[in-house]
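For reference, the chains in residue letters:
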Amino acid sequence: MSNSPANKASLQPIMDKDVADVALFLHLHMNEKFSVEEWERSLRASWYNDAPNHGFMLQLAGGVAGVICALYSEQEIDGQRTLICNPHTWCVLEPYRGQSVSLVLAIIRQAGMHYTMFTPNREGEEIFAYLGFKPLEREMRALVNVLALLTPTGDEMPCEWPGKFLMVAVLVKPHNST
């Protein structure tokens, strides 16, 4: 199936109302090991209450054809509050892969953002490098999130999943760089 106008999906931001559809899409096409509910919780997670969206999607009349998700935060850098966007979870159905880059461009063209990329995916790293992102380091470091290992009473809790670790950024591109 080609990416003809009949197959063309519309590029849309993923808003709160779209999260359930995107979660189902990711469960079916990205990783079935995560339930729809787990995908939905991960998409709704936020470190920034005024996040503009949850990423972008290629939308069809009958559903979703592709997504790139985003997690936003506000950080202090050099004494100034800075908006950070971390693109993640990029999945596009084969017939719509010709529109894949439009998802990335929609993410990185958002005004006033700095970007981080927390990924071990070399293919994704190569695509973002082509778009002007620069690797900070080639090494990965795992930092134990000690607070996540404690119960509300302060007792130690066994580490049950790798989400208890925080990975250090691999790629960044300031919003005003060329």
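Look above for the structure.
Here the structure is a predicted model, which is why all the values come from computation and not from measurement.

**Structural notes on the environment of isoleucine 108**
- With respect to the element layout, isoleucine 108 can be found in helix α3 (residues 100–108).
- Taking C-alpha positions, isoleucine 108 is 9.9 Å from asparagine 86, a pair spaced 22 residues apart along the chain.
- When neighbours within four sequence positions are excluded, isoleucine 108 is seen to be in contact with Tyr115, Phe128, Leu131 and Phe133.

**Here we look at the packing of aromatic side chains**
- Counted according to the given criterion, the structure contains 4 aromatic pairs.
- Ring geometry for tyrosine 115 against phenylalanine 133: centres 6.1 Å apart, planes inclined by 70°, an arrangement best described as edge-to-face. Here phenylalanine 133 lies in the loop between α4 (122–130) and β6 (134–135) and tyrosine 115 lies in strand β5 (residues 113–117), a separation of 18 residues in the sequence. The pair formed by tyrosine 115 and phenylalanine 133 is uniform in burial state, with each residue classed as buried.
- For the pair phenylalanine 128 and phenylalanine 133, a centre-to-centre distance of 5.1 Å together with 90° between the ring planes defines the contact as edge-to-face.

**Focus on the environment of glutamate 74**
- Secondary-structure assignment places glutamate 74 in strand β3 (residues 63–77).
- Judged by its relative accessible area of 32%, glutamate 74 is partly exposed.
- Once the C-alpha coordinates of glutamate 74 and histidine 114 are considered, the two residues, 40 residues apart in sequence, prove to be 9.8 Å apart.

**Let's talk about the packing of helix α1 (residues 19–29) against helix α2 (residues 36–44)**
- In the contact formed by α1 and α2, the axes pass within 8 Å of each other and the chain directions differ by 125°. As the angle between them shows, α1 and α2 are arranged oblique. In the packing of α1 onto α2, the handedness of the crossing is right-handed. Of α2, the residues touching α1 (which contributes Val19, Ala20, Val22, Ala23, Leu24, Leu26 and His27) are Val36, Trp39, Glu40, Leu43 and Arg44.
- By residue class, the composition of the contact of α1 with α2 is 9 nonpolar, 1 polar and 2 charged.

Here is what the cut-offs are and how they apply
- Residues numbered from 1 in each chain as written.
- Predicted model: local features only at pLDDT ≥ 70, side-chain atom pairs only at ≥ 80, totals over all residues.
- Heavy atoms only, no water.
- Helix = DSSP H or I, 4+ residues; strand = E, 2+ residues; numbered from the N terminus.
- Contact = heavy atoms within 4.5 Å.
- Phe/Tyr/Trp six-rings, centres within 6.5 Å; stacked < 30°, edge-to-face > 60°.
- Buried < 20%, exposed > 50% of the residue type's maximum accessible area, 1.4 Å probe, protein only.
- Axes fitted to C-alpha atoms, helices over the stretch in contact; angles between N-to-C directions.
- Parallel < 35°, antiparallel > 145°, perpendicular 65-115°, else oblique.
- Left-handed = near helix turned anticlockwise from the far one by under 90°.
- Nonpolar A, V, L, I, M, F, W, Y, C, P; charged D, E, K, R; others polar.

In short, geometric facts, not functional conclusions.
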